[in-house]
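Okay, here's what each chain looks like letter by letter:
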Amino acid sequence: MRKLASIILFLVLSNTFGQSKNSPLQISHLTGDFYVYKTFHDYNGTQISANAMYLVTDKGVVLFDAPWDETQFQPLLDTIKARHNKDVVMCFGTHSHGDRSGGFGFYKQKGIKTYSIKLTDEILKKENKNRAEFVIPNDTTFTVGQHKFQVYYPGKGHATDNIIVWFDKEKVLYGACFIKSASATDLGYLADSDVKEWKKSIKKVQTKFKNPVYIIPGHEDWTNTQSLNHTLKLVEGYLNKPSEKK
Ligand SMILES: [Zn+2]
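Residues numbered from 1 in each chain as written. Predicted model: local features only at pLDDT ≥ 70, side-chain atom pairs only at ≥ 80, totals over all residues. Heavy atoms only, no water.

> Help me get a handle on the overall build of the protein, residues and values and all.
Along the backbone of the protein there are seven helices and 12 strands. Expected size for 246 residues packed as a compact globule is a radius of gyration near 18 Å; at 18 Å, the protein falls within 12% of this value. Judged by the C-alpha coordinates and their principal axes, the protein covers about 65 × 40 × 35 Å. With 246 residues in all, the protein has 49% of them scored as buried. Across the protein, every contact between residues at least 6 apart in sequence was considered, and the portion connecting residues at least 24 apart equals 57%. (Helix = DSSP H or I, 4+ residues; strand = E, 2+ residues; numbered from the N terminus. Rg over C-alpha atoms; globule rule 2.2 N^0.38 Å. Buried < 20%, exposed > 50% of the residue type's maximum accessible area, 1.4 Å probe, protein only. Contact = heavy atoms within 4.5 Å.)

Listed below in structure tokens is the structure:
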């Protein structure tokens, strides 16, 4: 009886992936072959989480952004191998910041193809950081196995080089830091942002990629798909605040 109780307790404590709430790498199934994963990083004394995504295809697994926590670069590959029996074959960085492109050096060295747009590559080069092996045009469609996706630069926003990824068939919009969570109360880190342009860029995405069913923001909760509308509201609020430096 005690054994049964401890088994039940174990099942309650660990979720379907056998990871606890405190796990440094948290993977959630999104839909079909899509998985969102979360890692954590110390930012000014607080642990902040970052969302990223991976897609399982017939031709291997594609990462959309590397873990923010670099201790999780290898565990992510190992977990994917154990869960899906597949290797990671491609890795995209959606802008130059460490929570997105920080894994380029590690994954390149593992033989994984790494990708960024030219704007990102130029920033990484200037900052003496690891760059992607392949530089892609600002609007590029990839077919990997049974999946197709569009890597798109909407213009400046959170960063001057932020890109988003659109999966038309599944209506998944992977926004990364270009999109704030519906639970975000402000625009966050703005040192490399252009808030005025961000507004235009959001409208471009809303016009171009209709009726997303899933929207993945760079940080915090991603279950609420009002995130893109919410980001527009935050941007407008910021632009309308007279005291704010624009
Ligand atoms: Zn960023």
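Moving on from the model shown.
> Quick rundown of the sheet that holds strand 7 (residues 134-136)? Include the residues and the values.
Pairing within the open sheet is mixed, and its seven strands lie in the order 1-2-3-4-5-6-7. Looking along the sheet, the strands with just one partner apiece sit at the ends: strand 1 (25-31) and strand 7. Adjacent strand axes in the sheet meet at a mean angle of 25 degrees, parallel and antiparallel pairs treated alike. In terms of strand pairing, strand 3 (residues 46-57) meets strand 4 (residues 60-64) through five bridges, oriented antiparallel. Bridging across to strand 4, M53 finds its partner in F64. Packed onto the sheet, helix 5 (residues 118-126) meets strand 6 (113-117) and strand 7 and runs at close to 100 degrees relative to strand 6. (Pairing = 2+ DSSP bridges. Axes fitted to C-alpha atoms, helices over the stretch in contact; angles between N-to-C directions.)

> Can you lay out the pairing of strand 10 (residues 164-167) for me, pointing to particular residues and giving the numbers?
With burial as the criterion, each face of strand 10 is covered, one bearing I164 and W166 and the other bearing V165 and F167. Sheet topology places strand 10 next to strand 11 (residues 172-176); three bridges connect them, and they run antiparallel. Within strand 11, the position partnered with W166 by the bridge is L173. Linking strand 10 back to strand 11 in an antiparallel pair, the connection comprises four residues, with K171 at a positive phi of about 55 degrees.

> Please provide a residue-by-residue account of the pairing of strand 12 (residues 214-217), values included.
Where strand 11 lies against strand 12, four bridges are found, and the strand directions are parallel. Pairing of L173 across the sheet is with I215, part of strand 12. Since strand 11 and strand 12 lie parallel, the crossover through helix 6 (residues 195-208) that links them has a hand, and here it is right-handed. (Right-handed = clockwise from strand over helix to strand, strands pointing away.)

> Lay out the nonpolar core with the relevant residues and their values.
In terms of nonpolar packing, the biggest core is built from 43 residues, with F64, F92, F149 and F167 touching the most fellow members. With five residues, strand 3 is the single largest residue contributor to this core. Other than its neighbours up to four places away in sequence, F92 contacts V62, L63, F64, D65, R100, F104, Y115, I136, F142, F149 and V151. Core analysis: the next-biggest nonpolar cluster, separate from the first, contains 20 residues, Y152, A184, V205 and V235 among them. (Core = buried A, V, L, I, M, F, W, Y, C linked by side-chain atoms within 4.5 Å.)

> I'd like a rundown of the pattern of salt bridges, residues and numbers included.
Counting across every chain of the model gives nine salt bridges. In this structure, a network of salt bridges that share partners links the residues D65, D99 and R100. (Salt bridge = Lys/Arg side-chain N within 4 Å of Asp/Glu carboxyl O.)

> So what's going on with helix 6? Residues and values would help.
With 14 residues, helix 6 extends 20 Å between its outermost C-alpha atoms, agreeing within 8% with the 20 Å of an ideal straight helix rising 1.5 Å per residue. Within helix 6 the residues assigned to the buried category are V195, W198, S201, I202 and V205. When helix 6 is viewed along its axis, its buried side chains cluster within an angular range of 105 degrees and face the same direction. Opposite the buried face of helix 6, by more than 90 degrees, sit the exposed residues K196, K200 and T207. Against the buried residues of helix 6 lie strand 10, strand 11 and helix 7 (227-240). (Expected span 1.5 Å × (residues − 1). Arc of directions from axis to C-beta.)

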